Amino acid sequence: MESLKFTSLIPCKSSVNLIPTTKFVNHEVIGQVGFVPLWKRRSTRPAFRLRAQVSGGSGGAQDGASALEDQREEKGVLLGAETDSSGSVIGFNLIPPNGELKVPDSPPEDATSDRLDETEDIDGKEKSKAKVTRNIVFVTAEAAPYSKTGGLGDVCGSLPTVLAARGHRVMVVSPRYQNGTAAADQKFSGALDLDTRIKIYCFGGDQEVGFFHEYREGVDWVFVDHPSFHRPGNPYGDSFGAFGDNQFRFTLLCHAACEAPLVLPLGGYTYGEKCLFMVNDWHAGLVPLLLAAKYRPYGVYKDARSVVVIHNLAHQGVEPAVTFKNLGIPPEWYGALEWVFPTWARTHALDTGEAVNILKGAIVTSDRILTVSEGYSWEITTVEGGYGLNELLSSRKSIITGITNGVDVVEWDPSSDVHIASHYSADDLSGKVQCKLALQKELGLPIRPDCPLIGFIGRLDYQKGIDLIQSGMPQLMEDDVQFVMLGSGDPLCEDWMRAAEATYKDKFRGWVGFNVPVSHRITAGCDILLMPSRFEPCGLNQLYAMRYGTVPVVHSTGGLRDTVLNFNPYAQGGQGDGTGWTFSPLTKESMLAALRLACRTFTEYKPSWEGLMKRGMERDFTWESAAVKYEQVFEWAFIDPPYIC
Ligand SMILES: Nc1ncnc2c1ncn2[C@@H]1O[C@H](COP(=O)(O)OP(=O)(O)O[C@H]2O[C@H](CO)[C@@H](O)[C@H](O)[C@H]2O)[C@@H](O)[C@H]1O
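Owing to the predicted nature of the structure, the values given are computational and were not obtained by experimental measurement.

S.K.: An account of the overall build of the protein chain is requested, with residue identities and associated values reported.
M.R.: Summing up its helical and strand segments, the protein chain has 20 helices and 24 strands in all. Looking at the protein chain as a whole, 59% of its 645 residues are labelled buried. In the protein chain, once contacts between residues fewer than 6 apart in sequence are set aside, the share between residues at least 24 apart is 73%. Summing over all exposed atoms, the protein chain offers an accessible surface of approximately 24800 Å²; the carbon and sulfur share of this is 53%.

S.K.: Report on the site of the ligand, specifying residues and quantitative values.
M.R.: Lining the immediate environment of the ligand, one finds 29 residues, of which D154, H311, R459, G513 and E536 sit closest. With respect to the ligand, the side chain of E536 contributes an N or O atom lying 2.5 Å from an oxygen atom. Considered on its own, the ligand offers 710 Å² of accessible surface; in the complex 98% of this is hidden by protein. Breaking the shell around the ligand down by element, the ones donating at least two residues are α3 (151-165), β19 (453-460), β20 (482-489), α14 (516-525) and α15 (541-547). The leading source of residues in the shell around the ligand is α3, at 4 residues. When the residues that make up the shell around the ligand are grouped by side-chain class, the tally is 11 nonpolar, 13 polar and 5 charged. For the shell around the ligand, the domains that each give at least three residues are domain 1 (24-406 + 628-639) and domain 2 (430-620).

S.K.: Any details on helix α6 (residues 286-295)? Residues and values, ideally.
M.R.: The buried fraction of α6 is high, at 10 of 10 residues. L286, V287, P288, L289, L290, L291, A292, A293, K294 and Y295 are the residues of α6 that are buried. Buried residues in α6 make contact with β5 (135-139), α5 (246-263), β12 (275-280), β13 (305-310), α7 (334-337) and α8 (358-365).

S.K.: Give a description of the domain arrangement of the protein chain that names residues and reports values.
M.R.: It is common to report an interface's size as the accessible area lost on association of the parts. In terms of domain boundaries, the protein chain breaks down into domain 1 (24-406 + 628-639) and domain 2 (430-620). If you look at the interface, domain 1 gives 19 residues, while domain 2 gives 15 residues. A salt bridge links R561 to E379; its shortest N-O distance comes to 3.2 Å. Remark: the boundary between domain 1 and domain 2 carries 9 residue pairs in polar contact (both at pLDDT 80 or more). Residue assignment for the side of domain 1 that touches domain 2 shows that the elements contributing at least two residues are α3 and α9 (374-379). If one sorts the elements of the side of domain 1 that touches domain 2 by residue count, α9 sits on top with 4 residues. Within the side of domain 1 that touches domain 2, the residues separate by chemical class into 5 nonpolar, 10 polar and 4 charged.

S.K.: Tell me what's going on with the sheet that holds strand β16 (residues 354-357), and back it up with residues and numbers.
M.R.: Sheet architecture is open: 3 strands sit in the order β14-β16-β15, paired in antiparallel fashion. Of all strands in the sheet, those bounded by a partner on one side alone are β14 (318-320) and β15 (338-340). Shown here is a sheet whose adjacent strand axes are inclined to one another by a mean of 45°, direction ignored. Pairing between β15 and β16: 3 bridges, direction antiparallel. Residue E338 lies in a different strand from β16, and its bridge partner there is V356. In this fold α8 packs onto β15 and β16, with an angle of close to 60° to the strand it touches most, β16.

S.K.: Describe the packing of helix α18 (residues 588-604) against helix α19 (residues 606-618), listing the residues and the values that go with them.
M.R.: One way to put it is that α18 packs onto α19 with a least axis distance of 6 Å and a crossing angle of 115°. It follows that α18 is roughly perpendicular to α19 by the angle criterion. In terms of crossing hand, the pair formed by α18 and α19 is left-handed. In this structure, α18 uses A598, T601, F602, T603 and E604 to contact α19, whose residues at the interface are K606, S608, W609 and L612.

S.K.: Describe the pattern of salt bridges, with residues and values.
M.R.: Where side chains of opposite charge bring their charged atoms close, a pairing between them can arise. Per the stated rule, a full pass over the model turns up 19 salt bridges. We note a salt bridge from R600 to E604, for which the minimum N-O separation is 3.4 Å. Of the two residues, R600 and E604 are both situated in helix α18; the distance of 4 residues between them amounts to about one turn of the helix. Taking relative accessible area as the criterion, E604 reaches 48% and is therefore assigned partly exposed. Through salt bridges with shared partners, a single ionic network connects R448, D450 and D480.

S.K.: Before we move on, can you summarise the nonpolar core with the specific residues and values?
M.R.: Ranked by internal contacts, the top residues of the largest apolar core, which has 176 residues, are F277, M278, F483 and M485. Tallying contributions element by element places α5 first for this core, with 11 residues. Here F277 is in contact with V137, V139, A257, C258, P261, V287, L291, Y301, A304, R305, S306 and V307, once residues within four sequence places are set aside.

S.K.: Account for the pairing of strand β7 (residues 192-202), naming residues and giving values.
M.R.: Two faces, one strand: in a regular strand the side chains alternate between the faces of the sheet. Of the pairings in the sheet, the one linking β7 to strand β8 (residues 205-216) comprises 8 bridges and is antiparallel in character. The partner of D193 across the bridge, within β8, is F212. Between β7 and the antiparallel strand that follows it, β8, lie 2 residues; F203 among them carries a positive phi value of about 50°.

S.K.: Describe the pairing of β16, and please don't skip the residues or the numbers.
M.R.: Pairing of β14 with β16 involves 3 bridges; the strand directions are antiparallel. Counterpart to V318 in the pairing with β16 is N357.

S.K.: Give me the lowdown on the packing of aromatic side chains, citing residues and values where you can.
M.R.: Following the criterion strictly, the structure yields 22 aromatic pairs and no others. With 5.9 Å between their ring centres and 80° between their planes, Y177 and F229 make a pair best called edge-to-face. Of this pair, Y177 sits in the loop between β6 (169-175) and α4 (182-186) while F229 is found in the loop between β9 (219-225) and β10 (237-238), placing the two residues 52 residues apart along the sequence. A centroid spacing of 5.9 Å and a plane angle of 15° characterise the contact between F483 and F508, whose relative ring orientation is stacked. Within this pair, whereas F483 is found in strand β20, its partner F508 is found in strand β21 (residues 508-512), the two being separated by 25 residues in sequence. Across the pair, exposure class does not vary: F483 and F508 are buried alike. Here the aromatic cluster, defined as three or more aromatic residues joined through ring pairs, consists of Y146, F188, W221 and F223. We note R176 situated over the ring of F212; from NZ or CZ to the ring centre the distance is 3.9 Å. Just above the ring of Y462 sits the side chain of R534; from NZ or CZ to the centre is 4.2 Å.

S.K.: Before we move on, can you summarise the sheet that holds β12 with the specific residues and values?
M.R.: As summarised here, the arrangement of the 9 strands in space is β7-β8-β9-β6-β5-β12-β13-β17-β18, forming an open sheet in which the pairing is mixed. What marks the edges here is a single partner per strand, and that holds for β7 and β18 (400-402). On average, each strand axis in the sheet is tilted by 25° relative to the strand beside it, whichever way the strands run. Seen against the sheet, α3 touches β5, β6, β9 and β12 and runs at an angle of roughly 140° to β9. The sheet strands contacting α6 are β5, β12 and β13, and the helix crosses β12 at an angle near 140°.

S.K.: Outline the side chain of D281, supporting the account with residue identities and numerical values.
M.R.: By secondary structure assignment, the location of D281 is in the loop between β12 and α6. For the buried D281, no salt bridge exists, and the shortest N-O distance to an oppositely charged side chain is 8.2 Å, to R459. A distance of 2.7 Å separates a polar side-chain atom of D281 from the backbone nitrogen of H311.

Here is what the cut-offs are and how they apply
Counting restarts for each chain, with residues numbered from 1 along the sequence as it is written. Side-chain atom pairs in this predicted model are given and counted only at pLDDT of 80 or more, local residue features only at pLDDT of at least 70, and totals for whole chains, interfaces and linings cover all residues. To obtain the side-chain values, all non-hydrogen atoms of the structure were used and water was disregarded. For the purposes of this entry, the term helix denotes a DSSP run of H or I that reaches at least four residues, the term strand denotes a run of E that reaches at least two, and both are numbered from the N terminus. A simple rule labels every residue: compare its accessible area, found with a 1.4 Å probe on the protein chains alone, to the largest value its type can have, and call it buried under 20%, exposed over 50%, or partly exposed in between. The contact criterion used throughout is that any non-hydrogen atoms of two residues lie within 4.5 Å. The method behind every accessible area is Shrake-Rupley, applied with a 1.4 Å probe, and residues are considered shielded solely by the protein chains displayed. We call a residue near a molecule or strand when any one of its heavy atoms sits within 4 Å of it. The definition of a polar contact used here is a pair of N or O atoms within 3.5 Å, where within protein one atom must be able to donate a hydrogen and the other to accept one, and adjacent residues in sequence count solely through side-chain atom pairs. Charged means Asp, Glu, Lys or Arg here, nonpolar means Ala, Val, Leu, Ile, Met, Phe, Trp, Tyr, Cys or Pro, and polar covers whatever is left, Gly included. Domain ranges listed in this record stem from an automatic or a database domain assignment. Salt bridges are defined by distance alone: a side-chain nitrogen of Lys or Arg within 4 Å of a carboxyl oxygen of Asp or Glu. The pairing criterion for strands is at least two bridges between them, as found by DSSP. Comment: axis = line fitted to C-alpha atoms, over the contacting stretch for helices; angle = value between 0 and 180 degrees taken between N-to-C directions. With respect to orientation, any angle under 35 degrees is reported as roughly parallel, any angle over 145 as roughly antiparallel, any angle of 65 to 115 as roughly perpendicular, and every other angle as oblique. Crossing handedness follows the turn of the near helix against the far one: under a right angle anticlockwise gives a left-handed crossing, and clockwise gives a right-handed one. In this description, a nonpolar core means a group of buried Ala, Val, Leu, Ile, Met, Phe, Trp, Tyr and Cys residues linked to one another through side-chain atoms lying within 4.5 Å. Here a pair means two rings of Phe, Tyr or Trp (six-membered ring of Trp) with centres within 6.5 Å. Their orientation is stacked below 30 degrees between planes, edge-to-face above 60, and tilted elsewhere. A ring is scored as having a charge over it whenever the NZ atom of a lysine or the CZ atom of an arginine sits within 6 Å of its centre and within 35 degrees of its normal. Charge assignment: positive for Lys and Arg, negative for Asp and Glu; neither His nor the chain ends contribute.

And the structure:
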């Protein structure tokens, strides 16, 4: 994750300007600066002609109607007027040119906002369904299995499928990365070119992007295609650091994501205007601003809502103020993105500290704000955890909700995991030790089932508390333990891992790189998973660990504190309670004390250890329960009018 990172900045007063001073309503202005909503222009190669429904309720889509009327003059265009029960546009019916493809006349049932039964019998299994279904558009820089550098990819790869299974119509829009390696590029091979090109006005000109599409697990996976997404490295950078044009790349993503529901005939129908945009982190942060500044003044997206999901507040997409003009946002809206660094954070005497902050823009223009755990929803309103946005977030406290992430229970299941040596479950733990022995063998460590094996998996980043691991390692290595680390990121940390492996030959292994199968084998094979994160919005590895009977030892912060119950050996008549250890304060000493307690419990108190494993394995971390809470937030978002009309 690139972008400018900084600690505890207090925004100057001016940086919390929320809305523009003048309304942007003038067509001439549009003409001059190129802010005509793209769907009003024709895509260069339309795959379908449009047949539109126009809102009778708000009258908000009248401009959209006239744009579509224009298109009617072209052959094959038909206009309809299908709306939902509240009179809102629910999607465009599309008629292919020359009528080659037959499309149904009415939208599919699941494209509407109908009330459904709460449960439905599917394949003999009772599946729970949403009471109200919606058209949901996730906008994200990564979505597993197509792209993943961390937890954002996991969430945007799994939550959409669960929402789709609950009856929603779900689209995920993310870039079509092609980094030149067969394994990575192959992941996009199932996505086909939709043959729809659109031009996006930003960065001083028209940028043409295309769309690829794969329908999988009930979700429309849409990939925005542009040459800037085709280069070696990960989504954000390469071995030289973050890409210098990330603001450009993710601006394209946001503009394209706003057009996708209007122009892409997925399964024969567009998603239409009554969408809920799920805006994930700063990369997607321009979406709510575009809805407010580029579309709503023309009656488009009046019925849409946006929810910004904060996975990590430390990355905000901050760039110099002069870049504002590149973003394709009307000048009146500068205040929404305006950000002024405090004096101490400026680089020289003439530095005015003026910047644009994309995540801030999303926070001030979105309809609701979500964080990925309850604890984190509070932390971001504090000076320590707010990364300079705490005052602003506090002012919007009433619309912030924290919902703890779920996990993909199919991918992360010790009873069927394809990556691990032996399968096991809470009822039969015997396979777990086989996984441990196989891991020790794979790593070239002494094969010792009795020796506590501690693991760490994660980005090698300040957030993850790597410095604490580094400083505590000499003392920890004096004990009878083994330690394995999997991670990539900070080159100095990577070098340290290689050096530690040479120093502690029989005890320490450092796997530098990003490797999903290895992460599964470490999760299954270790006894203990260490997470000394400085802050952790939710954290997924501790959830995976508990599911695999691997006991987490974590710093008591954010989502870690919410999800790991500290072990109390005296609770329940000596039968113990809890699923791991949470330590505080964040010091080497308290981390080592917790680790040593865990190791001692592992070696000397086997029944307690088994209790810890089983309680963790039995916890419910499924997305289903989180999805119900998400739906409640969607409901709230639609009760109110758009925050910025
Ligand atoms: N070298 C490597 N090889 C293979 N796999 C690796 C790996 N390094 C990390 N991973 C995987 O990446 C994911 C990391 O997820 P986390 O939630 O722990 O952290 P992250 O900080 O990226 O996510 C942010 O977003 C998520 C999602 O909301 C929040 O949980 C979290 O707190 C927040 O910081 C896990 O699936 C992990 O296995």
